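# Notes for the structure review
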Amino acid sequence: MTVVIEKPEQPERTEAVEPVAAAGRVRKVGRPAVVGAIIVVWLVLFALLRGRQTLSLAVADLTDLHRWINDLDDSIGANRNSNPVFLYFFNEIRLVIDNLVTFVQHLISQPSGARPVPEIGWLGVVGLAGYVSWAVGNWKVALLTAAGFTFFGLQGLWQQSMDTLALILCAVFVALLFAIPLGVWAGLSDRFNRIMTPFLDFMQTMPTFVYLAPLTLFFLIGGASGTIATVIYAAPPTIRITAHAIRNVSRTTVEAADSLGATSRQSLLKVLLPMSKRTVVMGVNQTIMAALAMVTIAALINAPGLGPVVLQALQSLDVGTAFNAGLAIVVMAIVLDRVTTAASVREEHARNARDRFAKWRRPLLGAGAVVALVLVYLSHTYVWAADFPGDGTVGTHIASAADSVTNWAQDSLSGVTNAFRDAITNGLLNPFQTLLTDSPWWVVGAVLVALAVVLGGWRSGVTTAVCVGLLVGTGVWSDAMTTLASTIVATVLVMVLGIVFGVWMGRSVMADRMIRPTLDAAQVMPPFVYLVPFLALFGATRFTAIVAAIVYGAPVAMKIIADGIRAVPETTVEAATSAGCNTWQIITKVQLPMSRSALTLATNQGLIYVLSMVVVGGLVGAGALGYDVVAGFSQSELYGKGLAAGLAIVLLGVMFDRITQAAARRASA
Amino acid sequence: MARHWRAGAAGLAVLGLTLTACGGAKVGDTSSGSGGGSGSSGKCGTFNLAVNPWVGYEADAAVVAYVAQHNLGCTVDKKNLKEQIAWQGFGTGEVDAVLENWGHADLVKKYIDQQKTAVDAGQTGNKGIIGWYVPPWLAKAHPDILDWKNLNKYAAKFKTSESGGKGQLLDGDPSYVTNDAALVKNLKLDFKVVYAGSETALIQAFRTAEKNKQWVIGYFYEPQWFLSEVPLKKVTLPAYKTGCDADAAKVACDYPVYNLNKIVSAKFAKSGSPAYNLVKNFNWTNDDQNEVAKYIAQDKLSDDAAAKKWVDANKDKVDAWLK
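Residues numbered from 1 in each chain as written. Chains lettered and ligands numbered in written order. Predicted model: local features only at pLDDT ≥ 70, side-chain atom pairs only at ≥ 80, totals over all residues.

## Notes on the overall build of chain B
- Along chain B, the regular secondary structure elements total 13 helices and nine strands.
- Within chain B, the proportion of its 323 residues that are buried is 46%.
- Once local pairs closer than 6 in sequence are excluded, the contacts in chain B between residues at least 24 apart make up 75%. (Helix = DSSP H or I, 4+ residues; strand = E, 2+ residues; numbered from the N terminus. Buried ≥ 20, exposed ≤ 12 C-beta atoms within 10 Å, placed from the backbone. Contact = placed C-beta atoms within 7 Å.)

## Side note on the overall build of chain A
- Helices and strands together make up the secondary structure of chain A, namely 30 helices and zero strands.
- Relative to a compact globule of 669 residues, whose C-alpha radius of gyration would be 26 Å, chain A shows 26 Å and is just as compact.
- When its C-alpha atoms are laid out on the principal axes, chain A stretches across 80 × 60 × 60 Å.
- Taken across its 669 residues, chain A has 54% of its residues classed as buried.
- Long-range contacts, defined here as pairs at least 24 residues apart, represent 82% of the contacts in chain A between residues at least 6 apart. (Rg over C-alpha atoms; globule rule 2.2 N^0.38 Å.)

## Considerations on the domain arrangement of chain B
Residue and element names in this part refer to chain B.
- Structurally, chain B comprises domain 1 (42-126 + 260-322) and domain 2 (128-250).
- A separation of 30 Å is found between the C-alpha centroids of domain 1 and domain 2.
- Taken together, the 16 residues of domain 1 in the interface contact 11 residues of domain 2.
- Where the side of domain 1 that touches domain 2 is concerned, the elements lending two or more residues are α2 (55-72) and α11 (286-297).
- For the side of domain 1 that touches domain 2, the element with the highest residue contribution is α11, accounting for six residues.
- Residue composition of the side of domain 1 that touches domain 2, grouped by class: six nonpolar, seven polar and three charged. (Domains from an automatic or database assignment. Nonpolar A, V, L, I, M, F, W, Y, C, P; charged D, E, K, R; others polar.)

## What to know about the interface of chain A and chain B
- The interface is formed by 67 residues belonging to chain A together with 61 residues belonging to chain B.
- With 11 residues, the single largest contributor to the side of chain A that touches chain B is helix α16 (residues 357-381) of chain A.
- For the side of chain A that touches chain B, the residue count by class is 40 nonpolar, 19 polar and eight charged.

## Some remarks on the environment of Val 310 of chain A
All names here are of chain A.
- Along the chain, Val 310 turns up in helix α14 (residues 306-315).
- Between the C-alpha atom of Val 310 and that of Leu 300, which follows or precedes it by 10 residues, the distance is 11 Å.
- Here Val 310 is in contact with Thr 296, Ala 322, Ala 325, Gly 326, Pro 526, Phe 528 and Val 529, once residues within four sequence places are set aside.

## Considering unusual backbone geometry
Residue and element names in this part refer to chain B.
- With an omega of -5°, the peptide bond between Glu 222 and Pro 223 qualifies as cis.
- Turning to its location among the elements, Pro 223 is positioned in the loop between β7 (217-222) and β8 (233-235).
- The phi dihedral of Lys 213 is positive, around 55°, even though this residue is not glycine.
- The residue Lys 213 is located in the loop between α8 (199-212) and β7 in this model.

## Brief notes about the nonpolar core
- Counting residues in hydrophobic clusters, the biggest one holds 297 residues, and the most contacted among them are Leu 292 and Ala 648 of chain A together with Val 64 of chain B.
- Tallying contributions element by element places helix α30 (residues 639-668) of chain A first for this core, with 17 residues.
- Residues within four places of Val 64 of chain B in sequence aside, it is in contact with Leu 49, Leu 99, Leu 278, Val 279 and Phe 282 of chain B. (Core = buried A, V, L, I, M, F, W, Y, C linked by C-beta atoms within 7 Å.)

## Digging into the domain arrangement of chain A
Residues and elements named next belong to chain A.
- Here the domain parsing of chain A yields domain 1 (19-49 + 399-668) and domain 2 (92-348 + 356-391).
- Centre-to-centre, using C-alpha coordinates, domain 1 lies 30 Å away from domain 2.
- For the side of domain 1 that touches domain 2, the elements supplying multiple residues, two or more each, are α18 (393-438), α22 (509-524), α23 (527-538), α29 (624-634) and α30.
- With seven residues, the top contributor of residues to the side of domain 1 that touches domain 2 is α30.
- In terms of residue class, the side of domain 1 that touches domain 2 is built from 19 nonpolar, seven polar and two charged.

## Notes on the pairing of strand β2 (residues 75-80) of chain B
All names here are of chain B.
- Note: strand β1 (residues 46-51) against β2, six bridges, orientation parallel. Residue pairing for β2: Ala 50 is matched across the bridge by Lys 79.
- The parallel pair β1 and β2, bridged by α2, forms a crossover whose chirality is right-handed. (Pairing = 2+ DSSP bridges. Right-handed = clockwise from strand over helix to strand, strands pointing away.)

## Comments concerning the environment of Tyr 240 of chain B
All names here are of chain B.
- Looking at the secondary structure, you find Tyr 240 in the loop between β8 and β9 (258-265).
- Between the C-alpha atom of Tyr 240 and that of Val 257, which follows or precedes it by 17 residues, the distance is 8.8 Å.
- Excluding its chain neighbours within four sequence positions, the residues that come into contact with Tyr 240 are Cys 253, Asp 254, Tyr 255 and Pro 256.

## Let's talk about the confidence of the model for chain A
- Looking at chain A as a whole, the pLDDT averages 83, with 93% of positions reaching at least 70.
- Counting contacts from residues 1-27 of chain A, a segment whose pLDDT is below 50, to residues more than four positions away or on other chains yields 41 contacts. (pLDDT = per-residue confidence, 0-100.)

## Brief notes about the packing of helix α11 (residues 251-259) of chain A against helix α12 (residues 264-293) of chain A
Residues and elements named next belong to chain A.
- One way to put it is that α11 packs onto α12 with a least axis distance of 10 Å and a crossing angle of 165°. Here α11 is positioned roughly antiparallel relative to α12, judged by the angle of their axes. The chirality of how α11 crosses α12 is right-handed. Contacts from Thr 253, Val 254, Ala 257 and Asp 258 in α11 reach Ser 267, Val 271 and Met 275 in α12.
- Class assignment for the residues of the contact of α11 with α12 results in four nonpolar, two polar and one charged. (Axes fitted to C-alpha atoms, helices over the stretch in contact; angles between N-to-C directions. Parallel < 35°, antiparallel > 145°, perpendicular 65-115°, else oblique. Left-handed = near helix turned anticlockwise from the far one by under 90°.)

## Here we look at the packing of α18 of chain A against α23 of chain A
Residue and element names in this part refer to chain A.
- Where α18 contacts α23, the axes come no closer than 7 Å and their chain directions differ by 50°. When the axis of α18 is compared with that of α23, the two are oblique. For the crossing formed where α18 meets α23, the hand is right-handed. Touching Thr 406, Ala 409, Gln 410, Leu 413, Ser 414, Thr 417 and Arg 421 of α18 are Pro 533, Ala 536, Leu 537 and Phe 538, all from α23.

## A short note on the environment of Val 547 of chain A
Residue and element names in this part refer to chain A.
- Tracing the chain through its elements places Val 547 in helix α24 (residues 542-566).
- By C-beta crowding, Val 547 is classed as buried, having 24 other C-beta atoms within 10 Å.
- Spatially, the C-alpha atom of Val 547 lies 9.5 Å from that of Val 494, the residues being 53 residues apart in sequence.
- Residue contacts for Val 547: discarding those within four places in its chain leaves Phe 534 and Phe 538.

Written out as structure tokens, the structure reads:
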């Protein structure tokens, strides 16, 4: 569910800064050997000290920290109605956001006042959405939008889709209100950027389950809490990407503006912002995608829309209905993604060339606006344009088709899948997990720090040491190691798949076109929809959790690797071909080595995505940290432990992010 | 060129206006039938009903909401929430009633005894049974498995990739009351509790086990819609005696039968709302609940349709709630 911890372009930026180039070359010879040595030492210590100082904690046991958090939570709840901070601060925020959400809902999804239908019916929404897509993008995405929105109606999910859309619009609006100014500030000030980064990491990797319950305490149950939960998760990408965009505006341009006597305000408004507009729009895109990932989670605190449909269907294991609603989320994601992408491309074009099209664009836009307004009027006035006609038979068909596919897969594949599961679990996962959980904590900690130093340098070694210390402090060290084992196995599998499909996609445009929509779908489909068939195939096991993580994490890795392969200069490949290399040799000797930094980045993103599925894994048998978080959300006695487990996930994320990023910087240096 | 498009736009606008002239039914023309019902609407106002995430509860909520809406003229606002958050909502005024409470001693202590924001509103009539269950094929093939004393004999058969060499005892959603880890230890069973983490995972495990004749034993409970699809068999544990579960670490007896009850917010109880009386009087049997749950889960009726079907067939019961 995490979207982008750092932008793909990041590594190149710092390559000049890192002074390790010379030292790195000396060390590079020995690096695999050093890693090998560390692992051998670890194995020896494991054999000697197995089972000692493992800091394990039984499922129902708590530490003092956990109890303290529980007490804190209780006292906030008890004093809510008398505390001035609540009365005058949180309640006001809640009121504003609640009104915003209700307003948009009355506009497009919920009955408004005396009207049995919203102010704008389906025809008006389709027309308006199509028009806006065309105005900010192009006519192709406008058609896609109109078709996509009509599809919601055909699925029989018009109102639910509009509720989701309303919530997404509000959340994205509020997120941008904060995120763009903060992003600009972080782009201009290094110090603010450094302060901001840990907060952003926190917002993106802290499992939402941990703060859902407190959110409803602060902002009550309802639209406001759902929106705020979404904002917390969805704002960081825009902040990061805006900061990145501001930083990347060429220095000479800014200097030119300065030398012409522009004030800092002028250079911000006239130079920096316009020049980074395109990238900022990509940030908005990522924020929208992240907001959509929250649809089912926000439903846990009664946010209306497609989320409750998915959750309720799964209570009776109705995969078909859940899939139908999940598909609506996917369609919405694809529409919004393509429109914002088209918008950012348009920014680019509009800046580069004022072509002849620009001349009749204005009257065209005017005409389009008139048409859209007529449609809105119609849908406001007439029943046929307000209520979507038909009873969603398409949705019923989709549901029953999904049901038969799942049934077929469950019936015919289960023999193969069990063998595969047992092979991976016994051959890879169990030994590795034993090594991590049964070694004394200080041995594992030392190994992690040593590996960080070797792979990423001293600075990431220090970060790792701090993270290890804090992990011990959370009191869930043993669970963290169990989760770590599954996470690493999942990441290895993600990378294997990423390389196979990434190379294929990078080498063939055809393959890319065919695979990419599936990857998009895999990233936004609510996990539980496909988890039910996986549960049937693999049972409630850690392996099922790993598969779920792969489905979510592999697409990112594939996309990044495909881009990396495509970025290898054509001439290099041609030279290798003319030197008589066969395809296999070109891939292994030329294309993969030359996209090394893409591979490291893919590992980084793959790991972060896998980590963001830890909680979902806890729902299907992964146990450990994921289960702790889920249990904390369900039982008030375990709340503190759940929060600590959430913190442990954040710490694991930060640790690996820093190590892999430092390694990526080296790879590209 | 530009003039061309302007003309086109004007044409479209005209077309649009003509369409509106012969448009069909207008919004608001036929909306007289909404609301409805025989009761005194207005007096009840809004009734905030929490819906906890399991089908049995959904059935309770469907029927109560239907009756409140149609017989009392309430505006029912159903809120999909987990237990902990629903109870928290009593204090903030966001939730009026929880219809099916399974014990939850921690929440009772916090919200009824300490914060005094919630009060007990009597039993639902449903009996909650918790225990260890096996799929029917297994109970048929090895009838002696239904006695806990024989479980160790079969422990090896229950081994999985997750259970570390012991037999696997599968637990579900962490929201539910469980003493399983202590039970395994105190009954000296060669089993390990594996946490599936959700009801969905648990049900799917039993479903697959029955279909493929696999060995599964796990935590389950009645009333539950799934039992009408696969009638799981309960394993007898040492009988429950009052107080035998007082010390959570030393439990060595079966779970008690839970008399499921209703919880309402203190404010709602004093409000004099007819919906409160309905909640207080609401009472039905496990069979009733299973029937409505079956309509929802297996016949795939909407909540409202399922409730209507049951209410129409059980007028006398509903009338008793409305007294």
